[in-house]
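Each chain is listed here by its residues.
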Amino acid sequence: RMVTKKSHLIGVLVPDISNPFFAQLFLGIQDILNQQEYVALLYNMGADEQQEGHYVEDLIRRGVDGLIIASSAFSDQSIYQALQAQNLPMIVMDQKTETDLVDAVQTDNFDGGKQAALHLKTLGHRKVAVVLPQNATVNVRRRYEGFASVYPDAVVIDGELSTAGGQAATPAILATDVTAIFAINDLIAFGLYEGLKEAGKEIPVDYSVIGFDDIGPCQYVTPALTTIAQPTFTLGQAAAKMLLQRLHRPEQQAKEKILPVKLVQRFSTAPLK
Ligand code: RIB
């Protein structure tokens, strides 16, 4: 007989809660779960894959009804383990790549990268750089691929998905002759702001900078950051809705949903002089 007792707990796994993107995503998830009287348990996975085993055991022990996984540190092996242990319904999203086994919701990362490139191209930039982590997750790599579909010769510069990553990438930018930079997330863009300021450079006079995400601070930095907006709150809501549907209809085929992104033009990008 199937166990029908419900805990009404949903485990949510993110890679970096200090990034406002994941805070906003969580708010969207919680918004839907709370309406349905579910409670979200937030786990910050970080990059530490060794912790993963503990998290999986803990989630199973607490008897969560389902999982929403945005962290790549949660491996496919753990997914199989959780599926086998309790046949736990789950949604994978953002930094966690789709598997055929479970439902997925993503934003159109390739198109976002392409839109960023087309914006810079329209402004007349010919020499451009992209800052992204060397071993980027699939969602982030798709942004690069979209960008490279317009600018195949873009200079690729290594930088972690953080302000520190953007700042550390600055010397490599200064060593090139690019006039525009695609920061693969907004935190990298903010780090570039700092690094370029220290080097006496001005945005957008010396460099145009475009980010990705549209986190809250984008409109408060100077100049306000032009970026590719993800529908982050809606994305969280979509993940939670999908999971609740799955809980009610466990036998349905795994689905994939893709949400659009859009260019938000502010003041960090300008025509090539
Ligand atoms: O800002 C963090 C980045 O990691 C976002 O772009 C989000 O999509 C995630 O992958």
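Throughout what follows, the structure given in this document is the object of discussion.

The rules behind each value
- Residues numbered from 1 in each chain as written.
- Predicted model: local features only at pLDDT ≥ 70, side-chain atom pairs only at ≥ 80, totals over all residues.
- Heavy atoms only, no water.
- Helix = DSSP H or I, 4+ residues; strand = E, 2+ residues; numbered from the N terminus.
- Polar contact = N/O pair within 3.5 Å; in protein donor to acceptor, adjacent residues only side chain to side chain.
- Contact = heavy atoms within 4.5 Å.
- Axes fitted to C-alpha atoms, helices over the stretch in contact; angles between N-to-C directions.
- Parallel < 35°, antiparallel > 145°, perpendicular 65-115°, else oblique.
- Left-handed = near helix turned anticlockwise from the far one by under 90°.
- Nonpolar A, V, L, I, M, F, W, Y, C, P; charged D, E, K, R; others polar.
- Salt bridge = Lys/Arg side-chain N within 4 Å of Asp/Glu carboxyl O.
- Buried < 20%, exposed > 50% of the residue type's maximum accessible area, 1.4 Å probe, protein only.
- Phe/Tyr/Trp six-rings, centres within 6.5 Å; stacked < 30°, edge-to-face > 60°.
- Lys NZ or Arg CZ within 6 Å of the ring centre and 35° of its normal.
- Pairing = 2+ DSSP bridges.
- Right-handed = clockwise from strand over helix to strand, strands pointing away.

The topology assignment puts Lys-96 in the loop between strand 4 (90-93) and strand 5 (103-107). Here the side chain of Lys-96 touches Phe-74 through a polar contact of 2.9 Å, landing on its backbone oxygen. Not counting chain neighbours up to four residues away, the residues in contact with Lys-96 comprise Ile-69, Ala-70, Ser-71, Ser-72, Phe-74, Ser-75, Asp-76, Ile-79 and Gln-106.

Put simply, helix 1 (residues 20-35) and helix 8 (residues 232-248) touch, their axes get as near as 7 Å, and they point 40° apart. Taken as axis vectors, helix 1 and helix 8 run oblique relative to one another. Note that helix 1 runs across helix 8; the crossing there is right-handed. Across the interface between the two elements, Phe-21, Gln-24, Leu-25, Leu-27, Gly-28, Ile-29, Asp-31, Ile-32 and Leu-33 from helix 1 touch Thr-232, Phe-233, Leu-235, Gly-236, Gln-237, Ala-240, Lys-241 and Leu-244 from helix 8. When grouped by side-chain class, the residues that make up the contact of helix 1 with helix 8 number ten nonpolar, five polar and two charged.

Right, let's talk about the pattern of salt bridges for a bit. Tallying each qualifying case throughout the model produces seven salt bridges. Across the pair Asp-76 and Lys-96 runs a salt bridge whose closest N-O atoms are separated by 3.0 Å. With Asp-76 in helix 3 (residues 76-86) and Lys-96 in the loop between strand 4 and strand 5, this pair connects stretches of sequence that are 20 residues apart. For Lys-96, a relative accessible area of 7% translates into the label buried. Salt-bridge contacts for Glu-98 lead to Arg-142; the nearest nitrogen and oxygen are separated by 3.9 Å. Of the two residues, Glu-98 is situated in the loop between strand 4 and strand 5 and Arg-142 in helix 5 (residues 138-148); the sequence distance between them amounts to 44 residues. In this structure Glu-98 comes out as partly exposed when scored by relative accessible area, which is 28%. Linked by salt bridges that have partners in common, Asp-58, Arg-61 and Arg-62 make up one network.

Another point: the packing of aromatic side chains. Evaluation of the coordinates by the stated rule reveals six aromatic pairs. Between the aromatic rings of Phe-182 and Phe-212, the centroid separation amounts to 6.4 Å while the plane-to-plane angle is 50°, which identifies the pairing as tilted. A residue pair is termed long-range when its members are at least 10 positions apart, and Phe-182 in strand 8 (residues 180-183) and Phe-212 in strand 9 (residues 208-213) qualify at 30 residues. The buried category is assigned to Phe-212, whose relative accessible area is 0%. Members of the aromatic cluster, joined through ring pairs, are Phe-147, Tyr-151, Phe-182 and Phe-212. Over the face of the ring belonging to Tyr-151 we find Lys-121, whose NZ or CZ atom lies 5.0 Å from the ring centre. Cation over ring: Arg-143 sits above Phe-212, and NZ or CZ is 4.0 Å from the ring centre.

Residues of strand 3 (residues 66-69) alternate between two faces, with Gly-66 and Ile-68 on one and Leu-67 and Ile-69 on the opposite face, all of them buried. As paired strands, strand 1 (residues 9-14) and strand 3 are joined by four bridges and run parallel to one another. When the sheet's bridge partners are listed, Gly-11 is paired in strand 3 with Leu-67. Pairing analysis gives three bridges linking strand 3 to strand 4, with the strands arranged parallel. Residue pairing across strands places Ile-68 opposite Ile-91, the latter belonging to strand 4. Assessed by its sense of winding, the connection that carries the chain from strand 3 through helix 3 to strand 4 is right-handed.

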